[in-house]
Structure formats: C-alpha cells, structure tokens
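# Secondary and tertiary structure notes
Chain by chain, the residues:
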Amino acid sequence: MIDLRRHFKRLLAAPTAVGGLGALILAGLLAADPGGGASALRERAIDSIQAVGPRAAGRSGVLVVDIDSASVTRAGGWPLPRDDMAQLAARILEGRPASLAFDIFFDGPDRHSLRAHLERASDPRLRAALAPFLAEAPDPDHAFGETLERGQTILAALAGGKAPPAAFNFVRAEGQTGPDMARPISGALAPYEPLATEALALGVSSLFGEDGGVVRKTPLLLSVGAQLVPGLALEATRVAEGVAMLSIDASGRLVTGTRSLPLGEGGALRLRWSDSAHRAQRTLSAADILGGRVAPDRFAGRVVIVGASAPQAGALRPTSLGPLTPTVQIHAEAAEQILAGTAPLRPRYALPVEVGAALVLAGCAAAVAARVGPAAAFALQLALSGLWMALAAAALISCDLVLDPVGPPLIVLLSGNMAAAAAFARTRRMKAFISRKFEQYLSVDVVREIIAHPERLRRQGEMRVVTALFTDIENFTPMTRRLAPHDLIALLDNYLGGLERIVTDHGGMVDGVTGDAIHAFFNVPLERVDHADAAIACAAAIVEFSESFRKEPLAAEAGFGRTRVGVETGPAIVGDVGGARRLNYTAYGDAVIVAARLEQANKQFDSQICIGPGAAAATRRKLAPLGALRLKGLSEDTMIFTLAGD
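These remarks concern the structure in this document. As the structure is a prediction and not an experimental result, all values here were calculated from the model. (Residues numbered from 1 in each chain as written. Predicted model: local features only at pLDDT ≥ 70, side-chain atom pairs only at ≥ 80, totals over all residues. Heavy atoms only, no water.)

## Concerning the packing of aromatic side chains
Which entries qualify depends on this criterion: Between the rings of Phe, Tyr and Trp (Trp by its six-membered ring), a pair exists once the centres lie within 6.5 Å; its type follows the angle of the planes, with under 30 degrees stacked, over 60 edge-to-face, and the other angles tilted. Only DSSP runs of H or I covering at least 4 residues are called helices, and only runs of E covering at least 2 are called strands; the numbering of each starts at the N terminus. For every residue, the accessible area obtained with a 1.4 Å probe (protein chains only) is divided by the maximum for its type, and the residue is called buried under 20%, exposed over 50%, and partly exposed between those limits.
What the rule picks out here adds up to eight aromatic pairs. Measuring from ring centre to ring centre gives 5.3 Å for Phe-106 and Phe-144, while their planes differ by 75°; the resulting arrangement is edge-to-face. You can see Phe-106 sitting in the loop between strand E2 (99-102) and helix H6 (114-119) and its partner Phe-144 sitting in helix H8 (residues 140-149), a full 38 residues away along the chain. For Phe-144, a relative accessible area of 0% puts it in the buried group. For the pair Tyr-495 and Phe-545, a centre-to-centre distance of 6.5 Å together with 25° between the ring planes defines the contact as stacked. In this pair, Tyr-495 is assigned in helix H20 (residues 485-505) and Phe-545 in helix H21 (residues 531-550), connecting sequence segments 50 residues apart.

## Notes on a nonpolar patch on the surface
Our working definition: Residues enter patches when their relative accessible area tops 30% and they take part in no salt bridge; the joining distance is 9 Å for like charges and 5 Å for the nonpolar side chains Val, Leu, Ile, Met, Phe, Trp and Tyr. Per-residue accessibility takes into account occlusion by the displayed protein chains alone, with areas from the Shrake-Rupley method and a 1.4 Å probe. Salt bridges are counted wherever a side-chain nitrogen of Lys or Arg sits within 4 Å of a carboxyl oxygen of Asp or Glu.
Together, Leu-21, Ile-25 and Leu-29 make up an exposed nonpolar region whose accessible area comes to about 260 Å². For Leu-21, the location among the structural elements is in helix H2 (residues 15-32).

## Some words on the pairing of strand E13 (residues 259-262)
Short version of the rule: Note on pairing: DSSP must find at least two bridges between two strands before they are called paired.
Pairing analysis gives four bridges linking strand E12 (residues 253-256) to E13, with the strands arranged antiparallel. Across the sheet, Leu-254 pairs through a bridge with Leu-261, a residue of E13. Taking the residues that link successive antiparallel strands as the turn, the E12-E13 hairpin has two residues, and the phi of Gly-257 there is positive, at about 70°.

## Topic: the side chain of Thr-619
Note the threshold: Distance and chemistry together define a polar contact, namely a pair of N or O atoms within 3.5 Å, with one atom able to donate a hydrogen and the other to accept it when in protein, and with adjacent residues in sequence counting only for side-chain atoms on both sides. Any pair of residues with heavy atoms lying within 4.5 Å of one another is described as a contacting pair.
When you line up the elements, Thr-619 lands in the loop between helix H24 (613-618) and strand E25 (623-630). Polar contacts involving the side chain of Thr-619 include one to the side chain of Asp-533, which spans 2.4 Å. If we ignore the near neighbours within four places in the chain, the residues touching Thr-619 are Ala-532, Asp-533 and Ile-536.

## Remarks on the pattern of salt bridges
Tallying each qualifying case throughout the model produces 23 salt bridges. The partner of Asp-288 in a salt bridge is Arg-293, and the shortest N-O contact between them spans 3.0 Å. Exposure remark for Arg-293: the relative accessible area of 56% places this residue in the exposed category.

## Things to note about the nonpolar core
Let me state the cut-off plainly: Nonpolar cores were defined as sets of buried Ala, Val, Leu, Ile, Met, Phe, Trp, Tyr and Cys residues, with membership established by side-chain atoms within 4.5 Å.
Counting 40 residues, the largest nonpolar core has Val-65, Ile-67, Phe-102, Phe-144, Phe-299 and Val-306 as the members making the most contacts within it. It is helix H5 (residues 82-94) that contributes the most residues to this core, six residues altogether. If we ignore the near neighbours within four places in the chain, the residues touching Val-65 are Leu-88, Ile-92, Leu-284, Ala-286, Ile-289, Phe-299, Val-304, Ile-305, Val-306 and Gly-307.

## Overview of the packing of helix H10 (residues 232-240) against helix H13 (residues 327-340)
Rule in force here: A fitted line through C-alpha atoms serves as each axis, taken over the contacting stretch for helices, and the angle formed by two N-to-C directions is quoted from 0 to 180°. Working definition: roughly parallel below 35 degrees, roughly antiparallel above 145 degrees, roughly perpendicular at 65 to 115 degrees, and oblique for all remaining angles. When the near helix sits turned anticlockwise from the far one by under a right angle, the crossing is termed left-handed; a clockwise turn instead gives a right-handed crossing. Each residue is assigned to one class: nonpolar for Ala, Val, Leu, Ile, Met, Phe, Trp, Tyr, Cys and Pro, charged for Asp, Glu, Lys and Arg, and polar for all the others, Gly among them.
At a closest axis distance of 8 Å, the pairing of H10 and H13 adopts a crossing angle of 45°. With respect to their mutual orientation, H10 and H13 come out oblique. Of the two elements, H10 crosses H13, and the hand of that crossing is right-handed. From H10, Leu-232, Ala-233, Leu-234 and Thr-237 reach across to H13, where they touch His-331, Ala-334, Ala-335, Ile-338 and Leu-339. In terms of residue class, the contact of H10 with H13 is built from seven nonpolar, two polar and no charged.

## Description of H13
So the rule is basically this: The span expected for a helix works out to 1.5 Å for each residue beyond the first.
Spanning 14 residues, H13 covers 20 Å between terminal C-alpha atoms, matching the ideal 20 Å at 1.5 Å per step. A large share of H13 lies buried, amounting to twelve of its 14 residues. Inspection of H13 places Thr-327, Val-328, Gln-329, Ile-330, His-331, Ala-332, Glu-333, Ala-334, Ala-335, Glu-336, Gln-337 and Ile-338 among the buried residues, and these make up the whole buried set. Gly-341 sits one or two residues past H13 and shows a positive phi near 75°.

## Digging into the sheet that holds strand E4 (residues 172-173)
Taking strand neighbours across the sheet as the criterion, the four strands line up as E4-E11-E12-E13 in an open arrangement whose pairing is mixed. Two strands lie at the open edges of the sheet, namely E4 and E13, each paired on one side alone.

## Section: the sheet that holds strand E5 (residues 183-184)
What the three strands build is an open sheet, ordered E5-E9-E10; its pairing is mixed. In the strand order of this sheet, the two ends are held by E5 and strand E10 (227-230), each with one partner. As judged from the four bridges shared by strand E9 (residues 221-224) and E10, these two strands associate in the antiparallel manner. When the bridges of E10 are listed, Leu-221 appears paired with Pro-230.

In structure tokens:
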C-alpha cells in the first residue's frame, strides 16, 4: 500500500517542488478569481500606473465648461436658471464649436422662472387672475431651446426607464449584439421634451462604478433590447466630426466616419487619465464665460462639454484621481481619447499570458530559492516581479494594452517564499525563539540582525546609555465617554498601531503599551550611535502622524486630543526580565523616569514634545529651550527643550 503521507512529506522537503506546487495553486486562483479579489487588485494597480504615467495630451480638442461654486454663487443657487443656461450656451455657440454637449440632466421646466411661480399658484381664482400675466410671462425654457436649436448641441439622457426616446441616434451593428458589445440597460430617460426636441442629439451620461463605486470606464454604447444607443462622450465626438451614423463592423470595432475604435468589454472605454495641468488647461469657469471674460474664438472647432463641479450639483464620482471627480471631466477624458484613438484594452490572451509568465517566473524563483540564502532569493523574486510590473506598465503607457501588474508578481513572491520556507525550515526553527520574542517590539531589520548575530544580544543585564520615549494623549478620559466601546477600541488600535510602526521604523524598541500611551527605548537591545537623534526624529514623526490622525472622521468626532511626547537620554540598566516563557526586555534608570515626567511637562508648556537635558546634549538636531521646571521626584530644576520651530 502506498504511504501517501510519506510521499507528501518528501514532496514538501523539496523546496523547488513546494514552490512549483504553490505557483500552480496560486495561478489557478488567479485564473478563477473567486470573489473578484484579483480583478480589484489589478485595477487598483493600474490606477497607480496611471498616476505615475498619465496619458500624453497635446493641444486638446475638448473644452470643459465648469459650473463651479463661483458660477452657482453668481446664479444664486443650483440648478442654474434656464435663462442663465441659455446665455451660457449662446456665448459658447457664438464661437462656433464643433459640438456642445451638456453633462446635466434637464428633467423638467425651469423651476426658477416667473412662469413656473405663476403656474404653481394653488388657488383657482388666483390662477385665473394671473392668466393674462402667465400668457405674457417669459419662457426661459423656450429661449434655451431656441439657443440649442442654433448649434450642434447634445443633451444628456439617463440610463433607466422603459425604452429609449426617438431622439436618440441609434447605432447600427453588423451581426448580433450582446453584452460584450454594449452594456444592457432597461431603457433611457430623456430630458425635458421641449429641450430634447430642439437639441441635435441625446447621449447617455450615466456612469457605472466598479469596486467601491470607482469609475474607471465610460460606456460608449448601451443596449436597450436590440437597439444600441450612444454615450454622451461618443455622441459629442460624432456630432463634432459630422458623422451621420455610428456603426459596429463585423470585427466588433466601433466605426465613426473614416476612423474606427476597438470596443472594450461591455462597450466601455477604459479611461487613461491626463495629468492635472492638462485638465486645468482645458477647463473654463461658467462664471467667466457669463461674465464676458472668455473670448468666443476660444470655442472654435472644439468639442465643448458643460457640466458641474459644484458640490450642490451632486455630479462628483470616485475615480483613481480621488473620491470627488466631476463627471464632466470623466466625459471630457473619454471624448479626448475617442478623438485621439486611445482605447486601452485588456486583450483576450491577457490571462493565459499572465498565468504562463507567472509559472515561468515562479519556477525560476523557486529553483534559485532552494540553492541560495533568503536575502538573495528574495532579491531575485523582487527583480522578477519588478521586471513583470515594468513590462505591464510599458504595455499600458506605450501600447494601450492592459495586463495585470500585480497578479504574476504576487505568485512569484508567494511561491518563491514557499520554496525558501521549505529550504530553510530547519534553520528557521532553530532561530524561532529569538524571532518570536522580539518581532512584536522591534523592526524587522533589528530582529534579522539579532538572528544573524545572537551573540550581540546580552539578556543577562548591563549598564548602557539609552534614550527613553514616552507618549500620552491629551484629554483621553473625556474622549472615552463620547465613544461606543467598539469605536474606542478600533480608534486606539489604529492609533497605537501607527505609533508602534513609527517607533520600529526609527529603530526603537516598543517596551509596552499602557492605555493610550506607548513606552519605547532606543539603543536597546542592539547598540546604535545615533539613538538620541533617532528618538527625537521618532517623536517628531509621532506628532506629525497624530495630527493627521486627529483629522480622520471618527477621531475628529470624538475630539481626539494632541499627542504629548517626552524624551530623555541617560544611563540605565537593561536586560531581559520575566523568565524563559515571557520576554520583558526593558530598562531601569533615572532617564526612564525623567522621560515619563517630561511627557507630563508638556501640560505646563502647552507643547507636544519635551526633551530633557541628557537628550539635548546627545543630539545633533537643533533644539529650542522651553524653560526650567522642577519635575516630580527630582530635587533640582530641569532645563527642558523642544524641537526648534515648534
């Protein structure tokens, strides 16, 4: 009978086999993508690449007319009155743009007009008395409609309803349409009919987010049953180029006159963001246009899209640029890409290429990890991962091809580490004691140094000059009464976790956490020359982190207090106290007591960092004196300092 357990143990004893098996399992998970986690991670990585390498954009053929907060204030509120919209459209059309599109849904008559106020009269007798005035009252919707009729204008429709309005320019498709060609919707809601009939065309302005509602694509085509309707950006460019009919050829490419554009999944165009300077350059304030501060020839031959960034308009969506991107900028990006033929696509062969590359690179990493040390193996994994990420970034920036930048590198790193773990399991077991004892208190680099040179760790106790750092939160007790228990624990967990990371990143050792306070030492357990400088830099970083942390919603709601820090340098007895089962590597001495008193002295000076004379003498950083103070338990006044400029 075959002993499966014995064969499995032999398999795990072969590092290359462990790495290869791990790579196969991980590649299968990448291909299956259960829960969509891999796709979400891929998209976020692509967002990061776009931030580093934005779309190159020359002189834009697209202009954004932004109804910003200044425009809303000028008009007296949102929505803008239709006579203001008519005046805005007239000034733009005076410059003879190639097309004028509105990323604003006009769902009914003007609510601000005199006619609307008269029509809202509820008393029949009053309405009868006002009838002559109603007949003579100006109709801003009529004026706006007449203005729309004079130009190449496109109004926004919304996804929803039951059927698309007849005013749509339907798209002709060769062959059968499907979800790969266009996003299915139940229907389209048309704008106010007197305006819709005067506009040249309608385009769907609805945007659809992905994970977390983030908008990364703009729908070019949407399908209502067998009918294809265009998105707002596509219709704006069609009108601008004088194309009578949009169509989809047999190969699935969108044809607009003499040019064609590949369609992404669901008829969507993946956004390739331009940089912030370009977006600002193509954007004009509606207030400036209405105020006559923009020359009409600025609009000549351009695709002009009018939309709102004012918060009152509710037209802000999360994108890779941030949580509050105006939808008009999203449509403008899409229009620029359509005109430039920039259509990033994830090709059908992308997943096989990614899985194949992951297996090849992971196999190389696993084979090397079985033969070299952990540092060299990890360096190779990073190099192979970086190579793939660079290739994926170059494919997107230079060729508009979307490959997964992080899936294959994760497989390489994880499977390579599995192989390394199998190769060095015995060594890791031998040194696990030290690692377990110190990994919660020290940075990874210090733990690695202790494991590599355990003879440098003197656990039995010695006298050493150390720098102690103590923290506390102002008005912590009242804050605990304003929060629910689970909110308080979550808030403290995030705060103290941040402080611990800062301490270990600066080479310090977290001695303990008491309530809302952290105690840390520098120059233990391993010696370093610049421990006073490191502790003072750590104090500054803690204050900077805490000030930022206080602005987060839950902390701000709770009235999270300032963080106070005390730092002092001096001789102390250091060693491991607590027996074999428990680590308590700590320090005892006057410097430790003074550091705790200095933290409390911040109350007297209304400061956040108090530095004692020992640390002041040992540091190279520029300090400023706060004054002398008699600290509790000391017989003489102590000169106290803080960072210069604080």
